[in-house]
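Breakdown of the fold
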Amino acid sequence: MPSATKLKSKPRARRATTKSPASPWRFRNAAGLEILELAPFTQFDWLVHGFSTRPGGASILESRGLGQPRSEKVLNLGYTDWDRRDRVDENRRRFVKALGHPELPLVTLRQIHSDISHVISAPPAAPDNSRKGDALATCSPGLLLAIQTADCIPILLVDPRHRAVAAIHAGWRGTLARVVTKTLGRMQMEFSTKPADVLAAIGPGIGQCCYEVGPDVVKEFAAQFPQARSWFEGPFDALASGEDPNPLPWLTMIPPGHEPPPPRCQLDLKAANAALLIEAGVSPKNIFTSDLCTSCRTDLFFSYRRETTTGRMMSVIGIT
Ligand SMILES: [Zn+2]
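Thresholds, definitions, all that
Residues numbered from 1 in each chain as written. Predicted model: local features only at pLDDT ≥ 70, side-chain atom pairs only at ≥ 80, totals over all residues. Helix = DSSP H or I, 4+ residues; strand = E, 2+ residues; numbered from the N terminus. Buried ≥ 20, exposed ≤ 12 C-beta atoms within 10 Å, placed from the backbone. Contact = placed C-beta atoms within 7 Å. Pairing = 2+ DSSP bridges. Core = buried A, V, L, I, M, F, W, Y, C linked by C-beta atoms within 7 Å. Domains from an automatic or database assignment. Expected span 1.5 Å × (residues − 1). Axes fitted to C-alpha atoms, helices over the stretch in contact; angles between N-to-C directions. Arc of directions from axis to C-beta. pLDDT = per-residue confidence, 0-100.

Turning next to the overall build of the protein chain. Broken down by element type, the protein chain carries 10 helices and 17 strands. Of all 320 residues assigned to the protein chain, the portion counted as buried reaches 40%. Taking as baseline every contact in the protein chain between residues at least 6 positions apart, the subset at least 24 positions apart corresponds to 65%.

Shown next, in the form of structure tokens:
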């Protein structure tokens, strides 16, 4: 009876397709906060790491959506204009406590969307925001390297063989400048890191679903990376070649103000950075990418694109 076979085989097929290995990412509740962590990193007892989330802080974020204005308590970890410094400091205290290491100093950067990396071997003398750059690396215990984001991609690297770590901030400019490749190169020089040993966590950031970019970004990526096309959705070739898929209004007699919106592509920054890591010699099986989109999940994260006035998450890694 073919119909019976069909009925019997259907649920089995469905089970097979939905059966996937458990996600290596998990939320851990600690000290009243939700910390996102990567299971493969927790196997090293000398390593501390975590990605902060939005809820549970001392900061008060006022938002005016379509509905009533509302205020929300958030874990803003960046010194943003709208927030009070003492509240951000309190949030940072709560966060390092939740990481289990309240005694360790946070090392931060003034992030400038560059390819500049800093190798750190001692804690900063005082809380220091004057160091400019977008990546931190160390093989010294007792430091928490911290990157701040609100849509950009945070990347944490671990070299278990030499006990060295790095934290990287990659938006489209940093990705274009290959900040991840250059930081890995710095680890090779400073710590004798072999890319084949490295484990990489590509944390929550804006997903391709929400990350629209215009012709300028498309052209720059096309000029820089032969494989760029695979990181974009949309009219990549038209935008990369400079042929506007929407002809000028005066050619088509469209009245001013009624032109179609300028053409856009959607960029997958996480995929781009994963590809750069693979190109540099990191094994694909050692690269773990969070599929959480900061713009889709403003319940969990801050999104600069979606909200403009918003907080900053921190992605932290250190050696105990
Ligand atoms: Zn999204």
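Attention now moves to the sheet that holds strand S15 (residues 265-267). Here 3 strands make up an open sheet; going across it, the order is S13-S15-S14 and the pairing antiparallel. The strands lining the two open edges of the sheet, one partner per strand, are strand S13 (212-213) and strand S14 (232-233). In this structure, S14 lies alongside S15, joined through 2 bridges in antiparallel fashion. Looking at S15, one finds that Phe232 is bridged to Leu267.

This paragraph deals with the nonpolar core. If you look at the biggest cluster of nonpolar residues, it comprises 76 residues, and the most contacted ones within it are Leu145, Ile155, Leu157 and Ala167. Here this core spans two domains, since at least three of its residues come from each of domain 1 (25-210 + 283-319) and domain 2 (212-267).

Between its first and last C-alpha atoms helix H3 (residues 85-98) spans 20 Å; for 14 residues at 1.5 Å apiece the expected length is 20 Å, and the two agree. Every buried residue of H3 is listed here: Val88, Asn91, Arg92, Arg94, Phe95, Val96 and Ala98. At its buried positions, H3 is contacted by strand S1 (25-30), strand S2 (33-38), strand S4 (55-63), strand S6 (106-107), strand S9 (143-149) and strand S17 (313-319). One or two positions beyond H3, positive phi appears at Gly100, with a value near 90°.

Here we take up the sheet that holds strand S16 (residues 287-289). Here we have 6 strands laid out as an open sheet, ordered S7-S8-S11-S10-S12-S16, and mixed in their pairing. A single partner strand is all that each edge strand has here, and the edge strands are strand S7 (117-119) and S16. Within this sheet the neighbouring strands show an average axis-to-axis angle of 15°, counted without direction. Inspection of the sheet shows strand S8 (residues 135-138) paired to strand S11 (residues 164-170) by 4 bridges, in the antiparallel sense. Of the residues in S11, the one forming a bridge with Leu136 is Ala167. Contacting S7, S8, strand S10 (153-159) and S11, helix H5 (residues 179-191) crosses the sheet at an angle of about 160° to S11.

The two faces of S8 match: Ala135 and Ala137 on one face and Leu136 and Thr138 on the other face are all buried. Here S7 pairs with S8 via 3 bridges, running parallel. By the bridge assignment, His118 is partnered in S8 with Leu136.

Time to look at helix H6 (residues 215-224). Among all positions in H6, only Pro215, Val217, Val218 and Phe221 are buried. Down the axis, H6 shows its buried residues gathered within 160° of arc, on one side only. Across from the buried face of H6, at angles greater than 90 degrees, the exposed residues are Asp216, Ala223 and Gln224. In this fold, the buried residues of H6 make contact with helix H4 (172-176), S13, S14, helix H7 (236-241) and S15.

Moving on, we come to the pairing of S17. Among the 7 residues in S17, 7 count as buried, and that is most of the element. Where burial is concerned, the two faces of S17 agree: the one with Met313, Ser315, Ile317 and Ile319 and the one with Met314, Val316 and Gly318 are both buried. Sheet analysis places strand S3 (residues 47-51) next to S17, joined by 5 bridges and oriented antiparallel. What sits directly across from His49, in S17, is Ile317.

Per-residue confidence for the protein chain gives a mean pLDDT of 90; residues scoring 70 or more make up 87%. Here residues 1-18 scores under 50 on pLDDT; set against residues more than four positions off or in separate chains, the count is 0 contacts.

Structurally, Phe44 is set in the loop between helix H2 (39-42) and S3. With 16 C-beta atoms packed within 10 Å, Phe44 lands in the partly exposed category. In this structure, the C-alpha to C-alpha distance between Phe44 and Arg163, residues 119 residues apart in sequence, is 9.7 Å.

What follows deals with unusual backbone geometry. Even without a glycine there, the phi angle at His113 is positive, about 60°. With respect to the secondary-structure elements, His113 resides in the loop between S6 and S7. Positive phi, normally seen in glycine, also occurs at Thr308, with a value near 60°. Accessibility expressed as a C-beta count within 10 Å gives 9 for Thr308, which makes it exposed.

For Ile116, the position within the fold is in the loop between S6 and S7. Considered as a pair, Ile116 and Ala177 are 61 residues apart in the sequence and their alpha carbons are 9.5 Å apart. Residues within four places of Ile116 in sequence aside, it is in contact with Lys132, Gly133 and Asp134.

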